[in-house]
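# Structural characterization, general
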Amino acid sequence: MDTLTFSDGRLTARLQHEEDILWLALNDDRSGRLLGRSRLLALEVHDKACRRTERAEKLRIDEVERLEDGVHITVADAARGVRVGLWLRMSNGELIARLPITEVYEDLPDVYRLFAVDLLPTLLSCGPDGQLILPVGSGTLCSPRNKARASDRFLIYGEQDRWELLPLFPACATSSPDGGLISLATAGACETECRVATDGAGHGCVSLSFHLRKHWPDPVETETREIRFIPIPAKMDAVLCTAKRLRKHVMEDLGKPTLLARAKECPEVAYLLETLILKLFHAVERQGYMMAGCDKTSPLSFLRTMTFAECAANLKRIYAAGIKKVYTQAVGWNARGHDGWYPARFPIDERLGGEAGFRALIESGNALGYMMSAHDNFMMACRRSPAFDPECVVHDVYGEPLIHGWWAGGVECANWPLAFSDDRLGGHLRRMKALGLRGTYYSDYMAQPLEVNYHPRHRGSRTQCMLGMRRVQDAAREVFGSAGAENSFLHIVLPSDHCVSVGSDWHTQMAPDSWPIKALLERRVPLWHLALHGLVVHEGQMDTWPALMQTILLGGAPRDEWSAHPGVMPVLDDARIALLKAIDDLAVKRFGHLRALEMTGYAEPAPNVKVARFEDGTDITADFGKEELLVNGERIARPAAYGTGR
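Quick caveat, the model's predicted, so the values are computed rather than measured. (Residues numbered from 1 in each chain as written. Predicted model: local features only at pLDDT ≥ 70, side-chain atom pairs only at ≥ 80, totals over all residues. Heavy atoms only, no water.)

## Focus: the packing of aromatic side chains
In total, this model carries 11 aromatic pairs according to the counting rule given. Pairing Tyr441 with Phe480 gives two aromatic rings, centres 4.5 Å apart and planes at 20 degrees, and the pair type is stacked. With Tyr441 in strand β30 (residues 441-444) and Phe480 in helix α7 (residues 462-480), the pair connects residues that are 39 residues apart, well separated along the chain. Joined through ring pairs, the aromatic side chains of Tyr289, Trp406, Trp407 and Tyr445 make up one cluster. Residue placement shows Lys324 over the ring face of Tyr319; its charged tip is 3.6 Å from the ring centre. When the ring centre of Phe378 is taken as origin, the NZ or CZ atom of Arg345, which lies over that ring, is 4.7 Å away. (Phe/Tyr/Trp six-rings, centres within 6.5 Å; stacked < 30°, edge-to-face > 60°. Helix = DSSP H or I, 4+ residues; strand = E, 2+ residues; numbered from the N terminus. Lys NZ or Arg CZ within 6 Å of the ring centre and 35° of its normal.)

So this is what it looks like as structure tokens:
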């Protein structure tokens, strides 16, 4: 067996050539510990004639070229005419693997196409005393102990047919008592797949691999892929180490500034750091997923829950209660209400007060000192909308407009923002600003997983889909100074100052039991928060005292949504105003500063007990069994507005 070794003095890789297989072993030079050993790669090639994807593990080794800091390798699935070049380098104690698309050759593309390169599939492995760290939701742990034999795979930033997994960030890891290993996609993350497996005997592995295609006609993104492997020292918290390495990548490689830095240059962000977030729900049509359980006995399909005049009066009541800083998002202000006629928003519905009434509401809120903004949507294209344009929507693999959902606006397709004219994006935003709106501009429906577009002229990859979403956020920042978005996939966090969902147990519980990964998802951890807190404001719930405890624990910004009349959202009565005042006093005025700080630690020392630490030294303990909250050892009284129950 031939062996080639390369090292930077901190990490050593041994590449072993055994007939038609390459193996790689990774050693930590400081501890002398073997971090892992794995087959270097396998190629997954689709055979169009047989209509199946086959895995090639035994490969022809065409070239092994020694470099000053690593090795360049070329391998081939000779029978199918597929060749791949891979670069392995060592830098600052990390192994870097790069796949340039210029070095992917398909000599018989009418019959064979490369779908994926499975890279170092078992390098990140652990036994019964270890854990797998998966990029599901805010982060999920899995112990291989007592797990059945299972394997599963999913794309980073999601697939529509598996939306419940919510893979928010491009990293995974393993941990054991003697240390662990991180895998982090630092380039081409949108084209990266996470794979996880358990062997039924107490061992498991997780990996990131290079994804090229899911279907035969998929356009292949030309961006070079890169995955880094980073050791976790013994006795170190593997979740914390993974989070902080991800944070370093986000700040240093991707250029994401802190919220405190943003606040110095952007008054809209400075205001966002000190506010209670209120969504003002005006109207919606009685159809679609969201309205499945609503009362449909009325002959009117349009459900009006708050006019603009009623909303203005309610904001004055909130101000009179002592809540002086509020960031609002008007929901359902547009034609036919929430999700009504997107991508058309105008004319503003007369049943709510029309454009004059909306302007008056905005002016009234601004006069109170509130940051008046709107809930908008650039990704939804309702087929019955007068502004529906098939040139601007994603086309599916069959060449038809991609049906993406059924909401209050009816059957809708997914928009492709890279195809938007300036008038459709920047022009609309400028028109919204002319109404008097100011502050962080919120774009809904950014929660959707990435799509491939098969449109004949606007054909594009998952990466191009991401760039379209980023185009929306960049335009909103240009016009309004700050942008917010639904959901918190890393790719949408980067251009945003505010995001909504960081995943919840609800998402994974919704996943079908037939998915192998469902049995592997044991416990959520706030890896996302440890990595990204203080770089983006994230919303938290406040409907119950335990929900507010969780929001304060994780430094979130509390958000409420209400109307003047029942039907969809709670009614803003005196009791709710009293609750909002109590929440504002506690979670905004007293602990709101935490939303701009880095989270530096997290632990669960006992069942139902969670502890978080922030960079200013603040320690928060939330005992959900006793429903007690302590900050720096001081017990925080439950607000009387919550009553005695949950």
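## Here we look at unusual backbone geometry
The omega angle of the peptide bond from Tyr342 to Pro343 is 10 degrees, so this bond is cis rather than trans. For Pro343, the position within the fold is in the loop between β25 (326-331) and α5 (354-367). Along the chain, Phe346 connects to Pro347 via a cis peptide bond; the corresponding omega equals 5 degrees. Here Arg51, not a glycine, exhibits a phi torsion of approximately 60 degrees, which is positive. The topology assignment puts Arg51 in the loop between β5 (41-47) and β6 (52-56).

## What to know about the packing of helix α6 (residues 423-434) against α7
Two numbers describe how α6 lies on α7: the axes approach to 10 Å, and their chain directions differ by 35 degrees. As for how α6 packs across α7, the hand of that crossing is right-handed. Here Leu425, Leu429, Arg430, Met432 and Lys433 of α6 lie close against α7, whose contacting residues are Arg471, Val472, Ala475, Ala476, Val479 and Phe480. (Axes fitted to C-alpha atoms, helices over the stretch in contact; angles between N-to-C directions. Left-handed = near helix turned anticlockwise from the far one by under 90°. Contact = heavy atoms within 4.5 Å.)

## Some remarks on the packing of helix α11 (residues 545-553) against helix α12 (residues 574-590)
At their nearest, the axes of α11 and α12 sit 10 Å apart, and the two run at 20 degrees to each other. One element, α11, and the other, α12, form an angle in the roughly parallel class. The crossing of α11 and α12 is right-handed. On the side of α11, the interface is formed by Trp545, Leu548 and Ile552, while α12 contributes Ile583, Leu586 and Ala587. Among the residues making up the contact of α11 with α12, the classes are represented as six nonpolar, no polar and no charged. (Parallel < 35°, antiparallel > 145°, perpendicular 65-115°, else oblique. Nonpolar A, V, L, I, M, F, W, Y, C, P; charged D, E, K, R; others polar.)

## Describing the nonpolar core
In this structure, Leu26, Leu40, Leu43, Leu88, Leu95, Leu315 and Ile318 are the most contacted members of the largest nonpolar core, which totals 196 residues. Listed in part, the seven residues of the second largest apolar core include Phe281, Val284, Leu303 and Val331. (Core = buried A, V, L, I, M, F, W, Y, C linked by side-chain atoms within 4.5 Å. Buried < 20%, exposed > 50% of the residue type's maximum accessible area, 1.4 Å probe, protein only.)

## Focus: the environment of Trp407
Of note, Trp407 is situated in strand β28 (residues 403-407). Given the relative accessible area of 23%, Trp407 is considered partly exposed. Along the backbone, Trp407 and Gly93 are 314 residues apart, and their C-alpha atoms lie at a distance of 50 Å. Among the polar contacts made by the side chain of Trp407, one reaches the side chain of Tyr445 at a distance of 3.0 Å. (Polar contact = N/O pair within 3.5 Å; in protein donor to acceptor, adjacent residues only side chain to side chain.)

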